[in-house]
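In case you want the letters, here they are:
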Amino acid sequence: GRIAQIFVLTDGGIDNKEIVFQLVNVNCSKSKIFSIGIGHDADKDLVVNLAKLSFGNFDFVSDPSEITNKVVNLLSSSLLPALTNVSVHASGSDDNLLSIAQNPIPPILEGNLMNIYIKRSSKTNPIEGVLINGNVGDEEFEIIIDKIYNCCESSAKKLFAFTAINDYEKIYDDLQSKSSDEKDKTVLDKYKEQIIALSIENGI
């Protein structure tokens with residue numbers, strides 16, 4: 001139930017960003033990165049995406065005298081309460097008939113915006129409310145969302161599909177990186193088919 005808080009200070013860049021981003025993606029449910037770019041030569045793409053992919057925070061420093069304040073600010077945000085072991089349930093629908101993205105759901109930090117998409121298997125079972133469970137430290141905690149707003153259905157479907165595809169790609173990449181003995185081709189093919197089907201269905 002604990003989250004690894006990782007602080008990265010860099011005044012340059014690396015030549016294997018995509019591999020690092022994949023690693024961050026796979027581990028975003030159990031770690032957060034707080035990154036600071038120092039000086040004009042810091043790789044902005046690296047600094048921003050390390051934080052965004054892990055739902056952490058980032059900042060930039062042009063004057064070395066500002067480093068202490070910037071680090072203290074990020075340290076303060078890392079110490080905010082976090083909801084871990086998050087699960088989502090919808091009233092009016094069987095949980096087994098729901099698809100949820102992001103999956104797994106990363107820890108939710110106080111003050112951070114997070115979108116969670118829930119897709120029903122049938123329009124005949126409207127969602128009347130959402131219950132989010134988790135832990136803050138050793139205590140159980142729940143959030144009840146009972147407000148419903150109607151929005152453009154096609155936009156909502158595309159947002160769900162885009163997030164779900166990202167989830168499946170993370171799982172696929174993680175499975176693909178394992179040794180030949182640990183790979184299950186049937187499982188890999190299943191995720192590949194889901195990615196293709198969602199892409200075609202939603203024009204992504």
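Residues numbered from 1 in each chain as written. Predicted model: local features only at pLDDT ≥ 70, side-chain atom pairs only at ≥ 80, totals over all residues. Heavy atoms only, no water.

## Quick look at the overall build of the chain
Worth spelling out the cut-off: Secondary structure is summarised from DSSP: a helix means a run of H or I of at least four residues, a strand means a run of E of at least two, and numbering begins at the N terminus for each. Residues are treated as being in contact if the distance between any of their heavy atoms lies within 4.5 Å.
Within the chain, the regular secondary structure consists of five helices and nine strands. The order of α-helices and β-strands along the chain, N terminus first, is β-α-β-α-β-α-β-β-β-β-β-β-α-α. Projected onto its principal axes, the C-alpha positions of the chain cover 60 × 40 × 35 Å. Look at the contacts in the chain between residues 6 or more apart in sequence, and 64% of them connect residues 24 or more apart.

## Comments concerning the sheet that holds strand 6 (residues 108-109)
To keep things clear, this is the line we draw: Any two strands between which DSSP finds at least two bridges are classified as paired.
Read across the sheet, four strands follow the order 6-4-8-9 without closing on themselves; strand pairing throughout is antiparallel. Edge positions in the sheet fall to strand 6 and strand 9 (139-145), since each has one partner strand and no second. With seven bridges connecting them, strand 8 (residues 129-136) and strand 9 associate as antiparallel partners. Counted as the bridge partner of Gly134 is Phe141 from strand 9.

## Looking at unusual backbone geometry
To keep it simple, the criterion reads: When accessible area is computed with a 1.4 Å probe and restricted to protein chains, residues below 20% of their type maximum are described as buried, those above 50% as exposed, and intermediate ones as partly exposed.
Cis geometry marks the peptide bond from Ala101 to Gln102; its omega dihedral reads 15°. Along the chain, Gln102 turns up in the loop between strand 5 (98-101) and strand 6. Even without being glycine, Phe55 reaches a positive phi, approximately 60°. Structurally, Phe55 can be placed in the loop between helix 2 (44-53) and strand 3 (58-61). Its identity is not glycine, yet Asn85 carries a phi of approximately 50°, on the positive side. Residue position: Asn85 is located in strand 4 (residues 82-91). Judged by its relative accessible area of 51%, Asn85 is exposed.

## Some words on the environment of Glu142
Along the chain, the position of Glu142 falls in strand 9. As a C-alpha pair, Glu142 and Asn16 span 126 residues in sequence and 40 Å in three-dimensional space. The residues touching Glu142, leaving out its near neighbours within four places in the chain, are Leu131, Ile132 and Asn133.

## Some points on helix 5 (residues 185-202)
Here is the rule we go by: The span one expects for a helix is its residue count, reduced by one, times 1.5 Å. In this description, the arc belongs to the directions extending from the helix axis to the C-beta atoms.
A rise of 1.5 Å per residue sets the reference length of helix 5, with its 18 residues, at 26 Å; its end C-alpha atoms lie 26 Å apart and thus fit the reference within 8%. Of all the residues in helix 5, the buried ones are Leu188, Tyr191, Ile195, Leu198, Ser199 and Asn202. Along the axis of helix 5, the buried residues cluster in a sector spanning 100°; they form a single face. Turned more than 90 degrees from where helix 5 packs its buried face, Lys185, Thr186, Glu193 and Ile200 sit exposed. Directly beyond the C-terminal end of helix 5, a positive phi value near 65° is found at Gly203.

## Some thoughts on the packing of helix 1 (residues 17-26) against helix 2
So the rule is basically this: Whenever a helix is involved, its axis is fitted only over the stretch in contact; in every case the axis is a line through C-alpha atoms, and angles between N-to-C directions fall within 0 to 180 degrees. Just so you know how the angles are binned, under 35 degrees is roughly parallel, over 145 roughly antiparallel, 65 to 115 roughly perpendicular, and the rest oblique. Each crossing gets its handedness from the near helix: less than a right angle anticlockwise from the far helix is left-handed, clockwise is right-handed. Polarity classes work like this: nonpolar for Ala, Val, Leu, Ile, Met, Phe, Trp, Tyr, Cys and Pro, charged for Asp, Glu, Lys and Arg, and polar for all others, with Gly in that last group.
Remark: helix 1 packs on helix 2, axes separated minimally by 9 Å, with the N-to-C direction vectors making an angle of 15°. Classified by the angle between their axes, helix 1 and helix 2 sit roughly parallel to one another. In the crossing of helix 1 with helix 2, the sense of the turn from one axis to the other is right-handed. Residue-level contacts link Lys17, Val20, Phe21, Val24 and Asn25 of helix 1 to Asp45, Leu46, Asn49, Leu50 and Leu53 of helix 2. Looking at the contact of helix 1 with helix 2, its residues break down into six nonpolar, two polar and two charged.

## Concerning the packing of aromatic side chains
Quick note on the threshold: Only Phe, Tyr and Trp rings are paired, with Trp represented by its six-membered ring, and only when their centres lie within 6.5 Å; those with planes under 30 degrees apart are stacked, over 60 edge-to-face, the remainder tilted. Whether a charge sits over a ring comes down to the Lys NZ or Arg CZ being within 6 Å of the ring centre and within 35 degrees of the ring normal.
Evaluation of the coordinates by the stated rule reveals three aromatic pairs. Ring centres of Phe7 and Phe34 lie 5.2 Å apart, and the angle between their planes is 20°; on these two criteria the pair is classed as stacked. Residue Phe7 is found in strand 1 (residues 4-10), and its partner Phe34 is found in strand 2 (residues 31-38); the two are separated by 27 residues along the sequence. Judged by its relative accessible area of 1%, Phe34 falls in the buried class. Summarising the aromatic geometry, the rings of Tyr168 and Tyr191 are spaced 5.7 Å apart at their centres and angled 50° between planes, so their arrangement reads as tilted. Placement of the pair is Tyr168 in helix 4 (residues 153-176) and Tyr191 in helix 5, with a sequence separation of 23 residues. Since its relative accessible area comes to 14%, Tyr191 is described here as buried. The ring centre of Phe60 lies 5.9 Å from the NZ or CZ of Lys44, which sits over that ring. Its end group placed over the ring of Tyr191, Lys190 keeps NZ or CZ at 4.8 Å from the ring centre.

These figures come from the coordinates and say nothing about function on their own.
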